[in-house]
There are 2 protein chains.
Amino acid sequence: MTPEEFRQAGYAVVDWIADYWSTLGQRPVTSQDPPGAVAAALPAGPPAHGEPVEAVLADLDTLVTPRLTHWQHPGFFGYFPANTSGPSVLGDLVSAGLGVQGMLWATGPACTELETVLLDWLADLLGLPARMRSSATGGGVIQDSASSATLVATLVAVHRASGGRWREAGVDRRYRAYTSTQGHSSIEKAARIGGLGAEGVRLVDVDPDTQAMSPAALRTAVEADLAAGVVPAIVVATVGTTSTTAVDPLPEIGAICAEYGIFLHVDAAYAGAAAVCPELRAGHAGLEYADSYCFDPHKWLLTGFDCDAFWVADRGELIEALTVLPEYLRNAATESGAVIDYRDWQVPLGRRFRALKLWFVLRWYGVEGLRAHIRSGVALAAGFADRVRADDRFELVAPHPYALVCFRLRGDDATNEALLERVNASGRVLLTHTRVRGRHTLRLAVGSPQTTQAHVDEAWELLSHAADELTAGR
Amino acid sequence: MTPEEFRQAGYAVVDWIADYWSTLGQRPVTSQDPPGAVAAALPAGPPAHGEPVEAVLADLDTLVTPRLTHWQHPGFFGYFPANTSGPSVLGDLVSAGLGVQGMLWATGPACTELETVLLDWLADLLGLPARMRSSATGGGVIQDSASSATLVATLVAVHRASGGRWREAGVDRRYRAYTSTQGHSSIEKAARIGGLGAEGVRLVDVDPDTQAMSPAALRTAVEADLAAGVVPAIVVATVGTTSTTAVDPLPEIGAICAEYGIFLHVDAAYAGAAAVCPELRAGHAGLEYADSYCFDPHKWLLTGFDCDAFWVADRGELIEALTVLPEYLRNAATESGAVIDYRDWQVPLGRRFRALKLWFVLRWYGVEGLRAHIRSGVALAAGFADRVRADDRFELVAPHPYALVCFRLRGDDATNEALLERVNASGRVLLTHTRVRGRHTLRLAVGSPQTTQAHVDEAWELLSHAADELTAGR
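In this text the structure is predicted, and so the values were computed from the model without any measurement. (Residues numbered from 1 in each chain as written. Chains lettered and ligands numbered in written order. Predicted model: local features only at pLDDT ≥ 70, side-chain atom pairs only at ≥ 80, totals over all residues. Heavy atoms only, no water.)

Visitor: Could you clarify how one ought to interpret the sheet that holds strand β8 (residues 394-396) of chain B in this entry?
Guide: Residues and elements named next belong to chain B. The antiparallel open sheet is built from four strands, whose spatial order is β8-β9-β11-β10. Every interior strand has two partners, whereas the edge strands, β8 and β10 (432-436), have only one. Across the sheet, the mean angle separating the axes of adjacent strands is 40° when strand polarity is ignored. For β8 and strand β9 (residues 404-409), the ladder comprises three bridges, and the chain directions are antiparallel. Looking at β9, one finds that Glu395 is bridged to Arg408. Those strands touched by helix α14 (residues 355-389) are β8, β9 and β11 (439-445), and its axis lies near 20° from that of β9. With respect to the sheet, helix α15 (residues 413-425) is in contact with β8, β9, β10 and β11, its orientation differing from that of β11 by roughly 30°. (Pairing = 2+ DSSP bridges. Helix = DSSP H or I, 4+ residues; strand = E, 2+ residues; numbered from the N terminus. Axes fitted to C-alpha atoms, helices over the stretch in contact; angles between N-to-C directions. Contact = heavy atoms within 4.5 Å.)

The structure is reproduced here in structure tokens:
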């Protein structure tokens, strides 16, 4: 494809996306087709000879988009949001066009330096501790996801726990990782990948009302393990759990980690974005104890997946844990020690120029634009929670400090399952569920920049109407 | 950014990329600026209020592109290529615009099914063993990189070696991973991440002439370990090593793995792409022994990073090793067992719709177009090797079965280092180096779709001229 062919086809694809976004609100949020519909519609193999881009776009319309869950839909209230935005898409487009490989400073100097600077900007924007800046002992890096950030943190923690012997000798199965019963599944997965196994993970009890980790229970678990001769290596505390956005109390947890020399990783994958607003920064109190921290601009900060922002307080320890330097990657810049080689900050070797999409987003929206986006989500969620609170048929089941509301019909689990199914079957909205204190709970997470008061109202009306029907049918 | 604002800005970015590609050949391949030039030119923080996209594009021109290593440059002969192409960029653009999260079938049915089908297409195209198809016991998945594929293979291998106890009990430090002394650094890194440590990795000797793993040395290592009471868990064989594109003999290695029940992963990150040409498939002989296999369409198959294609022969074993299923991800489709949830095939939870770029590439080029691209690279490299062979000042130091030529000036390492430095300083080409049999060796890897005979000729002339100068100066 020549540059001129790309230019013409590129306009067509840009048009296709603009049209998709313009019509998104009219589409069903989810596909109603059974498994296998797409596979069955595809040919048995690729064509022998090339086809024009228009043919692929036509198949996108007939085969692909009708069988998607539309994450950018204004009625998408499921899971956590995975926002994107025009400027993010354009930044990613530039990255794809440049096709630069940022594994080493030498293989893409601007790719590395822009990332370092932008992560410093973001650290300022979120009010992160000073030592996480690249000008101090730490620094930030873009990971694909919070899962990978947790894995990297776990590896650095076992490296530290081993006194540096882990690189050579392997992992000691006596190391333990702690998180609350509400910690993300990626914490268990990271421990498994790192060789600790499920037996190496301690799920610490939470306060039943707040769903936040109990510092007393953490202390008890740590002391029991020490008494049993095993080694507390890492605590993963969460600011904004996936189930209910509970906030673990970092001041108390951090003090326990400091007392026992345990690595503290703070997972703020979803809620960290809120800290761009000074009034929504309370969950970060105590963050000065953290050895590492991450949040996902790709969840709630208008930056397309994949963009997890991960900081460490001590980059030397991180690099020591993960570095490998084969002959074919040796270069003068690396050996000077004056540069960052981000391959040593992550699991894979290769890396895209992901800082570009963050740059486009930060510049297009500006700080105030980002704050307006967060505040809009929080306000819409608060308004929804007010309606739940005002309706005797429903109950709120957890605090809603950000833009997720957890609620249920007063009644049994089966009724709540039926409610969720009925509302989602409308095709107008998607909500998902969790269990809180053992009971089936609905989750409504606001996040799309396309979501307005009218969409939240529609969600409430669908819920209210379905609740009427279910109550009448009982 | 509204859809209409996106449309206008999108055209401008498409134009920017088309212009970049049109002028690429006139730019220096690498930046000549010292570390810190980009960071110093950036402001202290993001703007308070938004800026237009044009402002960012202007900064791209002044700050970013002059400080890049241009991986798509026709004079880029370094490392391995990391090709992209117009259709790949467009497929990625659609993916960014859709903003779909493919962690579960339910969160993006078409995202999952298109990926499964395309990996089956690719398996046919490369002539992979039947059991790696999704219609059999196996199947394919897109990983970000071969590093991650190796890590996943290592985890499945230790899971198998443990009789399934690894998930709960953690890793046993008696497990051993084997690769040749020429295996990629990601193999050691995967073993480290998985908790085996460097002591868990056996670097098996190679044949000095071919640089391929010696099956006799592998057998000796395995038998010595068994006698010592440790457990051979995985062999990683390479088709096309990073240093010289050596091909490990899979028939003999596979037979040893089968004899001792060792998991066999085949890393064909670079060279696998060549197998789209039937005449370049010799390295795959013996692949029927493999438990898993990967290659990178993002290296030499016109598909932008990140796109590693990874197959397993037994998907049940893979899923068992990596699955986690918290309540908030439970859904009817997953519980039916009728769908693939790719989160269980990889380290992170989230995933982009990467199959789109592969789909655009396969359809735009067609099978014959892909073959023509590979054959062009092989022919250009062979022509370059002929010139090296015909010039008494130079020597070839390894076979060149694909599109990488390893060569050196007859003389000492310092002269070869000076040669490389001098040629790269021209800004017209980038070559990188390795060590073969302990000696400094230059590598010229052809791969960019923009690279023509004229560019290879220019590289040769720069080398020949610099060799004259160095010889005269001696």
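So much for the structure itself; the text now carries on.
Visitor: Just checking my understanding: could you explain the interface of chain A and chain B for this structure?
Guide: The parts lose accessible area when they come together, and the size of an interface is often stated as this lost area. Taken together, the 144 residues of chain A in the interface contact 144 residues of chain B. Both sides of the chain A and chain B interface together cover about 12,700 Å² of buried area, and 67% of this is carbon and sulfur. Linking chain A with chain B are eight salt bridges, by the criterion used here. We note a salt bridge from B:Arg363 to A:Glu51, for which the minimum N-O separation is 3.1 Å. Inspection of the chain A/chain B interface yields 63 residue pairs in polar contact (both at pLDDT 80 or more). Looking at the side of chain A that touches chain B element by element, the count peaks at 17 residues for helix α1 (residues 3-23) of chain A. Partitioned by chemical class, the residues of the side of chain A that touches chain B number 80 nonpolar, 34 polar and 30 charged. (Buried area = accessible area lost by both parts, 1.4 Å probe. Salt bridge = Lys/Arg side-chain N within 4 Å of Asp/Glu carboxyl O. Polar contact = N/O pair within 3.5 Å; in protein donor to acceptor, adjacent residues only side chain to side chain. Nonpolar A, V, L, I, M, F, W, Y, C, P; charged D, E, K, R; others polar.)

Visitor: How should I be thinking about helix α5 (residues 109-126) of chain A in this particular structure?
Guide: Because each turn of an α-helix spans 3.6 residues, side chains separated by three or four positions end up pointing in the same direction. Residue and element names in this part refer to chain A. With 18 residues, α5 extends 26 Å from end C-alpha to end C-alpha; this agrees with the ideal 26 Å at 1.5 Å per step. Most of α5 sits out of view: 17 of its 18 residues are buried. Of the residues trailing α5, Gly127 is marked for its positive phi of about 70°. (Expected span 1.5 Å × (residues − 1). Buried < 20%, exposed > 50% of the residue type's maximum accessible area, 1.4 Å probe, protein only.)

Visitor: Just to check I follow, could you spell out the pairing of strand β1 (residues 139-143) of chain A for this structure?
Guide: Residues and elements named next belong to chain A. A large share of β1 lies buried, amounting to five of its five residues. The side-chain alternation of β1 yields two buried faces, one formed by Gly139, Val141 and Gln143 and the other by Gly140 and Ile142. For β1 and strand β7 (residues 308-312), the ladder comprises five bridges, and the chain directions are antiparallel. By the bridge assignment for β7, Gly140 is matched with Trp311.

Visitor: Could you clarify how one ought to interpret the sheet that holds strand β8 (residues 394-396) of chain A in this entry?
Guide: The strands making up a sheet are joined through hydrogen bonds of the backbone, oriented either antiparallel or parallel. All names here are of chain A. Taken together, the four strands give an open sheet; going across it, the order is β8-β9-β11-β10, and neighbouring strands pair in antiparallel fashion. Each of the sheet's edge strands pairs with one partner strand only, and the pair in question is β8 and β10 (432-436). When strand polarity is set aside, the average angle formed by the axes of neighbouring strands in this sheet is 40°. Together, β8, β9 (404-409), β10 and β11 (439-445) form the strand contacts of helix α15 (residues 413-425), whose direction differs from that of β11 by roughly 30°.

Visitor: For this particular structure, what's the right way to read the relation of the copies chain A and chain B?
Guide: Each of the two chain copies can be brought onto the other by rotation about an axis and movement along it. Under the fitted operation, chain A is carried onto chain B by 0.0 Å of movement along the axis and a turn of 180°, and the coordinates agree to an RMSD of 0.0 Å. With respect to symmetry, the two chain copies, as superposed, fit the operation of a two-fold axis. (Least-squares fit on C-alpha atoms with pLDDT ≥ 70 in both.)

Visitor: Looking at this model, I keep getting lost on the packing of aromatic side chains. Mind explaining?
Guide: How two aromatic rings sit relative to each other is set out by the distance from centre to centre and by the angle between their planes. Residue and element names in this part refer to chain A. Using the criterion set out here, one finds 29 aromatic pairs over all chains in the structure. The interplanar angle of 40° and the centroid separation of 6.0 Å between the aromatic rings of Tyr293 and Trp311 together place this pair among those described as tilted. Taken together, the positions of Tyr293 in strand β6 (residues 292-295) and Trp311 in strand β7 put the pair 18 residues apart, joining distant regions of the chain. Judged by its relative accessible area of 0%, Trp311 falls in the buried class. Members of the aromatic cluster, connected to one another through ring pairs, are Phe80, Tyr270, Trp300 and Tyr402. Arg443 extends its terminal NZ or CZ atom over the ring of Phe80, reaching a point 5.2 Å from the ring centre. (Phe/Tyr/Trp six-rings, centres within 6.5 Å; stacked < 30°, edge-to-face > 60°. Lys NZ or Arg CZ within 6 Å of the ring centre and 35° of its normal.)

Visitor: How should the pattern of salt bridges be read in this particular structure?
Guide: Oppositely charged side chains can pair when the atoms bearing their charge come close. All names here are of chain A. In total, this model carries 72 salt bridges over all chains according to the counting rule given. With a closest N to O distance of 2.9 Å, Glu115 and Arg351 form a salt bridge. Taken together, the positions of Glu115 in helix α5 and Arg351 in the loop between α13 (332-336) and α14 (355-390) put the pair 236 residues apart, joining distant regions of the chain. Residue classification places Glu115 among the buried positions, given a relative accessible area of 0%. Looking at Arg351, the relative accessible area reads 1%, which means it is buried. A salt bridge links Glu469 to Arg422, with the shortest nitrogen-to-oxygen separation between them at 2.8 Å. Here Glu469, found in helix α16 (residues 453-473), pairs with Arg422, found in helix α15; they are 47 residues apart in sequence, far enough to count as distant. One salt-bridge network, in which partners are shared between bridges, spans Asp92, Asp306, Arg352, Arg354 and Lys357.

Visitor: Teacher, can you tell me more about helix α10 (residues 250-260) of chain B here?
Guide: Residues and elements named next belong to chain B. Those residues of α10 that fall on the buried side of the exposure criterion are Leu250, Ile253, Gly254, Ile256 and Cys257. Buried residues of α10, viewed axially, fall in a sector of 160°; they line one side. Residues of α10 that are buried make contact with α9 (215-227), β4 (231-238) and β5 (263-267). Phi for Gly261, located one or two positions after α10, is positive at around 65°. (Arc of directions from axis to C-beta.)

Visitor: Sorry, what's going on with the domain arrangement of chain A here?
Guide: Residue and element names in this part refer to chain A. Structurally, chain A comprises domain 1 (3-68), domain 2 (100-352) and domain 3 (365-473). A C-alpha centroid distance of 31 Å is found between domain 2 and domain 3. Every contact between the two is made by 24 residues of domain 2 and, on the other side, 23 residues of domain 3. Its salt-bridge partner being Arg375, residue Glu279 comes within 2.7 Å of it at the nearest N-O pair. Seen at the junction of domain 2 and domain 3, the total is seven residue pairs in polar contact (both at pLDDT 80 or more). Of the residues belonging to the side of domain 2 that touches domain 3, the class tally is 15 nonpolar, seven polar and two charged. (Domains from an automatic or database assignment.)

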